[in-house]
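# Secondary and tertiary structure notes
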Amino acid sequence: MHRHGLTPTVLERAPRPRPGGQAIDIRGVALDVMDRMGLLDRARELRTRMRGMSVLDGDGNEIHRSTEGAYSSGRFDSPDIEVLREDLVRLLAEQASDRAEFIYGDSISALHEHEHGRDAGIHVDFTNGPSRTFDLVVGADGLHSGVRRLVFGPEQDFIRHLGTYLSVFSADNFLDLDNWQVWLRDGDTGFGLMPVRDNSELRIAAGFRSEPLADQDTETLRQRVVAGLVPLPWEGPRLAKAAAQAPDFFCDAMAQIHMDRWSRGRTALIGDAAHCPSPLSGQGTSLALVGAYVLAGELGRTPGDHGTAFDRYEERMRPFVALNQALATENPEGPASEESMARAKNAITLDV
């Protein structure tokens, strides 16, 4: 947006850039976006360096292994990049630090749009800071978007639950894994283990099947994950202890967002707020990067005409989003096919 002559303000609810989270993928056209931002080489330096993976049965017996790829990243010989979420956040924040105003530790409590000539804009009330007026608001605030709720209505109107919950948390590498992933599934519970930070740390992704839960408080979900891990024959108790103690524990439903429109008036949605494909697709980060790039370009192409820019953004992004959301449901028991991924990750042109 800054490159197109706009003056962006970035609002983040957390008091600082948040650490933790799973490894995420930058694939296909999203690599071109990173290149145009001048960040591709730095992202490649930070990519994970897995040698392979093992798939275990409930007792810890290896039933499959691969040195050609891993579930989290795909094939190792692909140009695609897998990085830790916190590393990508840091790259983006550093790149934008002198191009945007950053406000941490606050959120939007109300939006009031008005059209009065020179005073046209959106009056934004903040939870903590003083109210301000902006020309446009872009909701990039995830699956449970507050901006979407304020402008478009309640979350239940747009969310589609996929029957699974996923938790992500960190622990010491108590298994001494050396750039090697381990995946296990036993009944309705399963997990994936990935060593990171020169094999000093594990990022653990533990999931369980469930219909939508009424109580989604973090500590309640933590107890559910711990209870599901304890009885696992292979390393269940140690994983349960790690989940119980992890300061960065995160858990949420695997779900998608489907909307007829991603814009209304002077507000637009991007990324998971608009069209979350769920982590099961492996494409949430790439969709967010590409969507932000496309929206910024359209706003720059039609200065003073945000309605046309929003329409063009949706027209270009919707076929791309549809193919990538389909990846999450193609194979409920595992990753989508390589053919489907190759088609979906490149299904948009950046230059029009």
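Refer to the structure printed above.
In short, a report on the structure. Because the structure is predicted, anything quoted here is derived from the model rather than measured.

Cut-offs applied
- Residues numbered from 1 in each chain as written.
- Predicted model: local features only at pLDDT ≥ 70, side-chain atom pairs only at ≥ 80, totals over all residues.
- Heavy atoms only, no water.
- Core = buried A, V, L, I, M, F, W, Y, C linked by side-chain atoms within 4.5 Å.
- Buried < 20%, exposed > 50% of the residue type's maximum accessible area, 1.4 Å probe, protein only.
- Contact = heavy atoms within 4.5 Å.
- Pairing = 2+ DSSP bridges.
- Helix = DSSP H or I, 4+ residues; strand = E, 2+ residues; numbered from the N terminus.
- Axes fitted to C-alpha atoms, helices over the stretch in contact; angles between N-to-C directions.
- Salt bridge = Lys/Arg side-chain N within 4 Å of Asp/Glu carboxyl O.
- Disulfide = S-S within 2.5 Å.
- 1 Å grid on protein atoms, 1.4 Å probe; cavity = no way out; pocket = protein on both sides within 12 Å on 5 of 7 lines; lining within 4 Å.
- Points joined across faces, edges and corners; volume = space filled by probe spheres on them.
- Nonpolar A, V, L, I, M, F, W, Y, C, P; charged D, E, K, R; others polar.
- Patch = residues over 30% accessible without salt bridge, like charges linked within 9 Å, V, L, I, M, F, W, Y side chains within 5 Å.
- Areas by Shrake-Rupley, 256 points an atom, 1.4 Å probe, with all protein chains shown as cover.
- Lys, Arg positive; Asp, Glu negative; His and termini not counted.
- Charge placed at Lys NZ, Arg CZ, Asp CG, Glu CD.
- Parallel < 35°, antiparallel > 145°, perpendicular 65-115°, else oblique.

On to the nonpolar core, then. Ranked by internal contacts, the top residues of the largest apolar core, which has 49 residues, are Ile26, Met34, Val290 and Met317. Those residues within four positions of methionine 317 in sequence are excluded, and the remaining contacts are Trp262, His275, Leu287, Val290, Gly291, Val294 and Ile348. In this structure, Leu177, Val226, Ala242 and Ala243 belong to the second largest nonpolar core, which totals 27 residues.

It is worth spelling out the sheet that holds strand β16 (residues 201-209) at this point. Strand order across the open sheet formed by seven strands is β4-β3-β14-β15-β16-β13-β17, with mixed pairing between neighbours. Each edge of the open sheet is held by one strand with a lone partner, namely β4 (62-66) and β17 (250-257). Sheet twist, expressed as the mean angle between neighbouring strand axes with direction ignored, is 20°. Contacting β13 (159-172), β15 (189-196), β16 and β17, helix α5 (residues 218-229) runs over the sheet at an angle of about 90° to β16. Seen against the sheet, helix α6 (residues 236-245) touches β13, β15 and β16 and runs at an angle of roughly 95° to β13.

On to the pattern of salt bridges. For the structure on display, the rule yields 28 salt bridges. In this structure, aspartate 87 and arginine 197 form a salt bridge, with 3.1 Å as the shortest nitrogen-oxygen distance. With aspartate 87 in helix α3 (residues 85-96) and arginine 197 in the loop between β15 and β16, this pair connects stretches of sequence that are 110 residues apart. The class of arginine 197 is partly exposed, set by a relative accessible area of 34%. The closest approach of N and O atoms between arginine 90 and glutamate 94, which form a salt bridge, is 3.9 Å. Here arginine 90 pairs with glutamate 94, and both are found in helix α3, just four residues apart, close to one helical turn.

Moving on, we get to the state of the cysteines. Formally, a disulfide is one covalent bond, and it connects the sulfur atom of one cysteine to the sulfur atom of another. In this structure the tally under the stated criterion is zero disulfides. Summary of cysteine pairing: cysteine 251 is not part of a disulfide, and the nearest cysteine sulfur, belonging to cysteine 276, is at 14 Å. On the basis of relative accessible area, cysteine 276 is assigned to the buried category, the value being 3%.

Turning to empty space enclosed by the protein, a few remarks are in order. Under the counting rule described, the total for this entry stands at one cavity of 30 Å³ or more. Roughly 30 Å³ of volume is contained in the largest cavity. As for the largest cavity, its lining consists of Thr189, Ala206, Gly207, Phe208, Arg224, Val225, Gly228 and Leu229. Looking at the lining of the largest cavity, its residues break down into four nonpolar, three polar and one charged.

What follows deals with a negative patch on the surface. Together, Asp32, Asp35, Asp41 and Glu45 make up a region of like negative charge exposed at the surface. The set of elements that each furnish at least two residues to the negative patch consists of α1 (29-36) and α2 (40-45). Mapped onto the elements of the fold, aspartate 32 is located in helix α1. Judged by relative accessible area, which is 39%, aspartate 32 ranks as partly exposed.

Where α5 meets α6, the closest approach of the two axes is 8 Å, and the angle between their N-to-C directions is 170°. With respect to their mutual orientation, α5 and α6 come out roughly antiparallel. On α6, the residues touching Arg222, Val225, Val226 and Leu229 of α5 are Gly236, Pro237, Leu239, Ala240, Ala243, Ala244 and Gln245. When its residues are assigned to classes, the contact of α5 with α6 shows eight nonpolar, two polar and one charged.

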